[in-house]
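# Per-entry structural report
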Amino acid sequence: MRNTNEMEMIFDSVSVNEGFVRVSVAAFLTQLNPTVEEVADVKTAVSEAVTNAIIHGYEGEVHKVIVRCRLEQEMFYVEIEDSGKGMADVQKAMEPLYTTKPELERSGMGFSFMEAFMDAVQVESTLGEGTLVKMCKHIGKEREIWTTQSL
Amino acid sequence: MNYEVQENCLTIYLPKELDHHNAERIRQKADLLIEKHHIKHIIFDFRDTGFMDSSGIGVIMGRYKIVCLLGGEVWAVHTNERMKKILTMSGVTKLVQIYEEERV
């Protein structure tokens, strides 16, 4: 298929990588000529998922997090995968304000932000095996179409 | 990151990117100052901030919980459109007031 492009990053689950990952994903996304708003949306969503992998998936231990991005025409797909402890109840975890770590001042807004800023969010998780978050967003749909008006 | 204490009011100048990585440091430093100077009111200054995720919301909510017990208030100043959107979406604007400067 034409107009597709992929990239994959594997990095340590340390918090200093959060900024690096979202900026890299944003840079990859620029090929689709996104609006400033769209870039900000994707950065926030990716940051939430990566933070979840680091805090909840690995609970502070250092292992690998994988981020895969794919562009297909005007669609942007991103997957964030960890091999951490996984979740027993994905539905519950995705409820707004629900958090298993209130002592760390987690607001419980992570999945809500992902859902608000992306078109679709899908979560696959197995207890003891890890979590995979898949998100996609149509880039360019908010862009205004310029038409020249003939006089 | 910079902090400013004026009587019982603490101003926190937030970093460029307010994520989980930075949130940890802000939390520690702010709580130290809140205790030391008997802080009642907190101002989060977003003048340099262009990125925030739910970790930032956590920091703001956490500090609100501390000062609200003392009858204090929390304000957000110099917020750009993006920051306003994130603050509003999270519902934290029910606890924290966004200060809008007067436009001439």
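Residues numbered from 1 in each chain as written. Chains lettered and ligands numbered in written order. Predicted model: local features only at pLDDT ≥ 70, side-chain atom pairs only at ≥ 80, totals over all residues. Heavy atoms only, no water.

### Focus: the overall build of chain A
Here is the rule: Strands here mean DSSP runs of E at least two residues long; helices mean DSSP runs of H or I at least four residues long; both are numbered from the N terminus. Summary of the burial criterion: residues with accessible area below 20% of their type's maximum are buried, those above 50% are exposed, and those between are partly exposed, where the area comes from a 1.4 Å probe applied to protein chains only. For this analysis, residues touch if any pair of their heavy atoms sits within 4.5 Å.
On a plain count of helices and strands, chain A comes out with 4 helices and 5 strands. The order of helices and strands in chain A, counted from the N terminus, is β-α-α-β-β-α-α-β-β. Along the first, second and third principal axes, the C-alpha set of chain A runs to 65 × 30 × 25 Å. Buried residues in chain A amount to 51% of all 151 residues. Counting contacts in chain A only where the partners sit at least 6 residues apart, residues at least 24 apart contribute 67% of the total.

### Some details on the nonpolar core
As a reminder, the rule being used: Note on terminology: a nonpolar core comprises buried Ala, Val, Leu, Ile, Met, Phe, Trp, Tyr and Cys residues joined through side-chain atoms within 4.5 Å.
Ranked by size, the top nonpolar core spans 35 residues in total, and within it Val25(A), Val67(A), Phe76(A), Val78(A) and Met135(A) carry the most contacts. Take this core: its biggest share by element is 7 residues, from helix H2 (residues 36-57) of chain A. Sequence-distant contacts of Val25(A), defined by excluding residues within four places in its chain, comprise Met7(A), Val42(A), Val46(A), Val67(A), Cys69(A) and Phe76(A). With 29 residues, the next largest nonpolar core counts Ile34(B), Ile42(B), Ala76(B) and Leu87(B) among its residues.

### Regarding the sheet that holds strand E3 (residues 75-82) of chain A
All names here are of chain A. Selection criterion: In short, DSSP must find at least two bridges between two strands for them to pair. An axis is simply a line fitted to the C-alpha atoms; with a helix, the fit covers only the stretch in contact. Between two such axes, the angle follows the N-to-C directions and lies from 0 to 180 degrees.
Taken together, the 5 strands give an open sheet; going across it, the order is E1-E2-E3-E5-E4, and neighbouring strands pair in antiparallel fashion. Strands with a single pairing partner mark the edges of an open sheet, and in this sheet they are strand E1 (4-12) and strand E4 (120-126). For this sheet the average axis-to-axis angle between neighbouring strands, irrespective of direction, equals 10°. Where E3 lies against strand E5 (residues 130-138), 8 bridges are found, and the strand directions are antiparallel. What sits directly across from Ile 80, in E5, is Val 133. Taken strand by strand, H2 contacts E1, strand E2 (64-72), E3 and E5, and its axis lies near 175° from that of E5. Taken strand by strand, helix H4 (residues 110-117) contacts E4 and E5, and its axis lies near 30° from that of E5.

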